[in-house]
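Descriptive structure summary
In case you want the letters, here they are:
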Amino acid sequence: MRLQRKGRRKRPFYHIVVADGRAPRDGRFIERLGSYNPMTKPATIEIDRDKAFDWLQKGVQPTDTVRAILRFKGVYYKRHLMRGVAKGALTEEQADAKYQEWIDNKEAKIAARFEQSAAEHAQLLSKLSGTPPPPPAPEPEEVAEETAPAEETPEAEAPATETATEEAPAEAETEAPAEEAAAEATPAAEQPAAEEEKKED
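Presented here is a report on the structure given in the accompanying data block. All figures in this text were calculated on a predicted structure; none of them were measured in a lab.

1. A few points about the pattern of salt bridges
- Tallying each qualifying case throughout the model produces 8 salt bridges.
- Across the pair Asp26 and Arg25 runs a salt bridge, and its minimum N-O distance is 2.7 Å.
- The salt bridge involving Lys78 is made with Asp50; its shortest N-O contact spans 3.1 Å. Here the residue Lys78 occupies a position in helix H3 (residues 75-87), and Asp50 occupies one in helix H1 (residues 49-58), the gap between them amounting to 28 residues.
- Exposure remark for Lys78: the relative accessible area of 15% places this residue in the buried category.
- Here the residues in one salt-bridge network are Arg49, Lys73 and Glu107, joined through shared partners.

2. Concerning the nonpolar core
- Of all hydrophobic cores here, the largest spans 18 residues; its most connected members are Met1, Ile16, Leu33 and Leu70.
- With 4 residues, the top contributor of residues to this core is H1.
- For Ile16, the residues in contact, after removing those within four places along its chain, are Met1, Arg2, Leu3, Glu31, Arg32, Leu33, Gly34, Ser35, Tyr36, Ile47, Val66 and Ile69.

3. Considering the side chain of Ser35
- If you trace the backbone, Ser35 turns up in strand S3 (residues 31-37).
- Ser35 has contacts with Tyr14, His15, Ile16, Thr44, Ile45 and Glu46, leaving out every residue within four places of it along the chain.

The rules behind these values
Residue positions within a chain follow its written sequence, with the count starting from 1. In keeping with the model being predicted, local features are shown solely for residues with a pLDDT of at least 70 and side-chain atom pairs are shown and tallied solely at 80 or more, while totals for entire chains, interfaces and linings include all residues. Water and hydrogen atoms play no part in the side-chain values, which are based on all heavy atoms of the structure. Salt bridges, as used here, are contacts in which a Lys or Arg side-chain nitrogen is within 4 Å of a carboxyl oxygen on Asp or Glu. Note on conventions: DSSP H or I runs of at least 4 residues are helices, E runs of at least 2 residues are strands, and numbering of each starts at the N terminus. Remark: exposure states derive from per-residue accessible area (1.4 Å probe, protein chains only) relative to the maximum for the residue type, with buried under 20%, exposed over 50%, and partly exposed in between. What makes a nonpolar core is a set of buried Ala, Val, Leu, Ile, Met, Phe, Trp, Tyr and Cys residues whose side-chain atoms join them at distances within 4.5 Å. The contact definition used throughout considers only heavy atoms, calling two residues in contact when any of these lie within 4.5 Å.

See the structure below:
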């Protein structure tokens, strides 16, 4: 079990294959199990764990790099658990549960590393472009602490009532000039009528 180099110059990626030891490095192989890309951060590894475990049980000898990959992906851990099942130290269900728990924890760690590298890359790009990075999102506890004082409204309600009382005289003042204008308009209308009566007399 070994790596088969692919990719262009200075940008390699590898196929994880099972091949005859006499075959050339990039030549014929028996079966392809996955791929390995060391150019990403962290490295991207895709492998069929069940097939790799079956080949290990058949006696395949991995190279040093492939052995490290298999340890990282949990294939050797599964082999260890299956030995315990064969010796009667634990049942197959317990071994499967332990293996699945290990896989979940490992995948969570890998996802966290990918998120961290993406954040570092975004920060680097912001430095190169000269734009400040976006502010970090506040944690839920901090948001709760900031909104708690806003809920205390007795002091906030008092100015509202004062503004309401201040608005009432303003409305009254605006209505008073309108009434005075109407009163002034009515005598002006009555004066022509009085002049017409005098003319008739």
